[in-house]
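Geometric and topological summary
The chain contents come next:
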Amino acid sequence: MKRLVLARLLQAGLVVLVVGILCFVLVRALPGDPAMRIAAGRYGPDANITEAAEQVRRELGLDQPLVVQLGASLGQLARLDLGHSVVTGLPITKELRIQLGATLWLSGSALVLSLLLGPPIGLLAGLKRGGWVDNASLGGAIVLRSLPPFVLGLLLILIFAMLLGLFPPAGYGTWRDLALPALTLALGLAAVSSRVARDAVAAVVRTPYLAFARLKGLPEPVVVRRHVVRNAAIPVVSYLALQAIYLIEGVVVVETLFGIPGIGHALVHAVIARDVPMVQGTALAMGLLFVVIAAAVDLTCHWLDPRPKRI
């Protein structure tokens, strides 16, 4: 357990370093003058952009060599100082506290909803391999996983918001606003988790200990609950760490599509405005969120299967 926690802490440190360097390099590599874009975002299009850009360049040290700018940026991260937004002037940590709450609500709701949809369907498909549930779930998983999140989101908006009028097409504040974006992410996650659960259940069904449990005369619900579900849950939970990549990646698209004021939405606007501290802060929060999810998955797998294993 200690080695697991230390490994995840080391991973978090590497995430901070890599995200800091990549954000700095990629934002500087974008075409155009970053000082001009920052000045336009800060003072508006009616200001004297040329004069304002020179002021921004001196204020933010953009006239310094890139190596000096990178060193100053990494030094701030080493001091756990995310700095201030170059557009709004507000502390990054203050803005992230607000945005992170919206992102956690969305990603958490999507993850819970996907677990309510995917593994139960996979359990039924694995117990009746080759049946209509198995074939239908395979076809549905292929269709849902092949659709990008923004296409799936637009389809849900068209059906449930425009045609049926059950949910608002965008917004944030109530559970009805959260329904469509959470379902957009959940369907893609459930498509994969259902197939992972199906294969895991099918493998458990073929094991000798399950046949022995049935020979003892245990009722089928008891066999499924005690032997199938727990053993099949290990690969399903393990795959959640990989699904976190899809979840965090989809948050950027879904928040922008549905107008949710979360980290993904803020990241898109920060890239457009060349707000480097904001880009670093949002990307860092998303990277650390992935590390936290991976650590939670590791701890859950350890609880399900406490036998010693190498990390």
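Just so we're clear, the structure is a prediction, and the values are computed from it rather than from any experiment.

Basis of the calculations
- Residues numbered from 1 in each chain as written.
- Predicted model: local features only at pLDDT ≥ 70, side-chain atom pairs only at ≥ 80, totals over all residues.
- Heavy atoms only, no water.
- Helix = DSSP H or I, 4+ residues; strand = E, 2+ residues; numbered from the N terminus.
- Buried < 20%, exposed > 50% of the residue type's maximum accessible area, 1.4 Å probe, protein only.
- Patch = residues over 30% accessible without salt bridge, like charges linked within 9 Å, V, L, I, M, F, W, Y side chains within 5 Å.
- Areas by Shrake-Rupley, 256 points an atom, 1.4 Å probe, with all protein chains shown as cover.
- Salt bridge = Lys/Arg side-chain N within 4 Å of Asp/Glu carboxyl O.
- Phe/Tyr/Trp six-rings, centres within 6.5 Å; stacked < 30°, edge-to-face > 60°.
- Axes fitted to C-alpha atoms, helices over the stretch in contact; angles between N-to-C directions.
- Parallel < 35°, antiparallel > 145°, perpendicular 65-115°, else oblique.
- Contact = heavy atoms within 4.5 Å.
- Nonpolar A, V, L, I, M, F, W, Y, C, P; charged D, E, K, R; others polar.
- Polar contact = N/O pair within 3.5 Å; in protein donor to acceptor, adjacent residues only side chain to side chain.
- Core = buried A, V, L, I, M, F, W, Y, C linked by side-chain atoms within 4.5 Å.
- Left-handed = near helix turned anticlockwise from the far one by under 90°.
- Expected span 1.5 Å × (residues − 1).
- Bend = angle between axes of the 7 residues up to and from the residue.

**Section: the environment of D298**
Looking at the secondary structure, you find D298 in helix α12 (residues 276–304). Judged by its relative accessible area of 23%, D298 falls in the partly exposed class. Considered as a pair, D298 and R8 are 290 residues apart in the sequence and their alpha carbons are 9.7 Å apart.

**Comments concerning a nonpolar patch on the surface**
Judged by side-chain polarity, L17, V18, I21, L22, V25 and L26 come together as a nonpolar surface patch covering roughly 500 Å² of accessible area. Relative to the assigned elements, V18 resides in helix α1 (residues 2–29). Judged by relative accessible area, V18 falls into the partly exposed class, the value being 43%.

**Observations regarding the packing of aromatic side chains**
As enumerated under the stated definition, the model contains one aromatic pair in all. Geometrically, the ring pair formed by F167 and W175 is edge-to-face, given 6.2 Å between the ring centres and 80° between the ring planes. Of the residues examined, W175 reaches a relative accessible area of 62% and is grouped as exposed.

**Description of the packing of helix α5 (residues 92–127) against helix α11 (residues 263–272)**
Relative to each other, α5 and α11 sit at 125°, their axes nearing to 7 Å. By the angle class used here, α5 and α11 are oblique. Along its contact with α5, which presents L96, Q99, L100 and T103, the element α11 presents I263, G264 and A266. For the contact of α5 with α11, the per-class residue count stands at four nonpolar, three polar and no charged.

**Considering the side chain of S193**
Structurally, S193 is set in helix α8 (residues 175–205). Of the residues examined, S193 reaches a relative accessible area of 3% and is grouped as buried. Of the polar contacts made by the side chain of S193, one reaches the backbone oxygen of A190; its length is 3.3 Å. Excluding residues within four positions of it along the chain, S193 makes contact with S114, G118, P119 and Q243.

**A short note on the nonpolar core**
In terms of nonpolar packing, the biggest core is built from 48 residues, with L106 and L185 touching the most fellow members. Every element with two or more residues in this core is listed here: α1, α5, α7 (149–163), α8, α10 (220–258), α11 and α12. Among the elements that line this core, the one with the most residues is α12, at 11 residues. Once residues within four sequence positions are removed from consideration, L185 is found in contact with L106, A110, Y246, L247, G250, V251 and V254. A200, V205, V223 and A232 belong to the second largest nonpolar core, which has 10 residues in total.

**A look at the packing of α7 against α8**
Running from N to C, α7 and α8 point in directions that differ by 130°, and their axes come no closer than 9 Å. It follows from the interaxial angle that α7 and α8 lie oblique. The handedness of the crossing between α7 and α8 is right-handed. Contacts between α7 and α8 pair P149, L152, G153, L156, I157, F160 and A161 from the former with L180, L183, T184, L187 and G188 from the latter. Residue classes in the contact of α7 with α8 are distributed as nine nonpolar, three polar and no charged.

**Let's talk about α5**
Residues lying three or four places apart along an α-helix face the same way, a consequence of the helix completing one turn every 3.6 residues. Between its terminal C-alpha atoms α5 stretches 50 Å, which fits the 52 Å expected from 36 residues at 1.5 Å a residue. The largest bend along α5 measures about 25° and falls at Q99.

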